[in-house]
Amino acid sequence: LQEGFNTPGIPSGWTVTLVSGTTAIWSVVGTGTNPPVTPYAGTGQAKFNSYDATPGHQSRLTSRRVNLSAAADPFLTFFLYHDDEFSSSADSIYLEVTSGDSVTGPWTILAGYRRPRITAMWGQELVSLLQYNGSARVFISFRGVSQYGNNIYVDELRIADSSFHDIGLLSLRSPT
């Protein structure tokens, strides 16, 4: 799976599901607002609208089905934009996975990321999918949780395995 969010609208096969409340939603945008950020690469990026959403409201951006039945040590990598505004608003996204239904799960949280950081920047995240090695039915989800801070941006998502040697890794960082 490789997704750069470079075409208007939610990519084909992907879904957006409200988890709680009605004001939090995922979309695909070019240059973002609040904060004004250009995509990491290409012309688009996924946006979780924490800036306009009520605190506690959540929604999930879910990938199309991924087949890892022939994978060897699969992993996921993506870029997440962290900014330095509204540091008291701990807007977050949770990377979740299911081998069940793409809407109801059950979902397993693999990692969590807070939006605010001291330095505004894109950061590459890397998450092992080893526990799903051999599964023919896997869905990846970003569950956004608003705390009424700035928006959250995700770009250049890729799922690969150990046979894919060049992942363009810039750095590994702790999710906290």
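As shown above, the structure is provided for reference.
All figures in this text were calculated on a predicted structure; none of them were measured in a lab.

J.: Mind showing me how you'd approach the pattern of salt bridges here?
T.: When the charged atoms of two side chains lie near each other, side chains of opposite charge can form a pair. Under the criterion given, the structure shown has 4 salt bridges. Taking the shortest distance from any N to any O, the salt bridge between Arg115 and Asp83 comes out at 3.0 Å. Of this pair, Arg115 sits in the loop between β8 (108-114) and β9 (121-128) while Asp83 sits in the loop between β6 (75-82) and β7 (92-98), placing them 32 residues apart in sequence. Both residues of the pair, Arg115 and Asp83, belong to the buried class.

J.: How should I be thinking about unusual backbone geometry in this particular structure?
T.: For residues other than glycine, phi is negative in most cases, and the peptide bonds are mostly trans. A cis amide bond, omega 5 degrees, links Asn34 with the succeeding residue Pro35. With respect to the element layout, Pro35 can be found in the loop between β3 (26-29) and β4 (45-48). Cis geometry is adopted by the peptide bond preceding Pro106, which originates at Gly105 and carries an omega value of 15 degrees. Here Pro106 lies in the loop between β7 and β8. Positioned with a positive phi, Asn34 is a non-glycine residue whose angle comes to about 50 degrees. Mapping Asn34 onto the fold places it in the loop between β3 and β4.

J.: What should I look at first to understand the packing of aromatic side chains in this one?
T.: Aromatic rings in a pair are described by how distant their centres are and how their planes are angled relative to each other. This structure, assessed with the given rule, holds 8 aromatic pairs. Where Tyr40 meets Trp122, the ring centres are 6.0 Å apart and the plane angle is 70 degrees; that geometry is what we call edge-to-face. Taken together, the residues Tyr40 in the loop between β3 and β4 and Trp122 in strand β9 connect sequence positions 82 residues apart. Residue Tyr40 is classed as partly exposed on the basis of its relative accessible area, which comes to 33%. Assessed through its relative accessible area of 17%, Trp122 is described here as buried.

J.: Is there a simple way to explain the nonpolar core in this structure?
T.: A general tendency of soluble globular proteins is for nonpolar side chains to be buried together. Of all hydrophobic cores here, the largest spans 31 residues; its most connected members are Phe78, Ile93 and Leu95. It is strand β11 (residues 152-160) that contributes the most residues to this core, 4 residues altogether. Aside from chain neighbours lying at most four places away, what touches Ile93 is Trp26, Phe78, Leu80, Ala111, Gly112, Tyr113, Phe142, Arg143, Gly144, Ile152 and Val154. Counting 6 residues, the second-largest nonpolar core is a separate cluster that includes Val37, Phe79, Trp122 and Tyr153.

J.: Help me out: how do you make sense of the environment of Ile140 in this one?
T.: Summarising the element assignment, Ile140 is placed in strand β10 (residues 139-145). Residue Ile140 is classed as buried on the basis of its relative accessible area of 2%. Along the backbone, Ile140 and Thr23 are 117 residues apart, and their C-alpha atoms lie at a distance of 22 Å. Every residue in contact with Ile140, bar those within four places of it in the chain, is listed here: Leu61, Thr62, Ser63, Leu76, Leu95, Glu96, Val97, Trp107, Leu129 and Ile159.

Analysis parameters
Residues numbered from 1 in each chain as written. Predicted model: local features only at pLDDT ≥ 70, side-chain atom pairs only at ≥ 80, totals over all residues. Heavy atoms only, no water. Salt bridge = Lys/Arg side-chain N within 4 Å of Asp/Glu carboxyl O. Helix = DSSP H or I, 4+ residues; strand = E, 2+ residues; numbered from the N terminus. Buried < 20%, exposed > 50% of the residue type's maximum accessible area, 1.4 Å probe, protein only. Phe/Tyr/Trp six-rings, centres within 6.5 Å; stacked < 30°, edge-to-face > 60°. Core = buried A, V, L, I, M, F, W, Y, C linked by side-chain atoms within 4.5 Å. Contact = heavy atoms within 4.5 Å.

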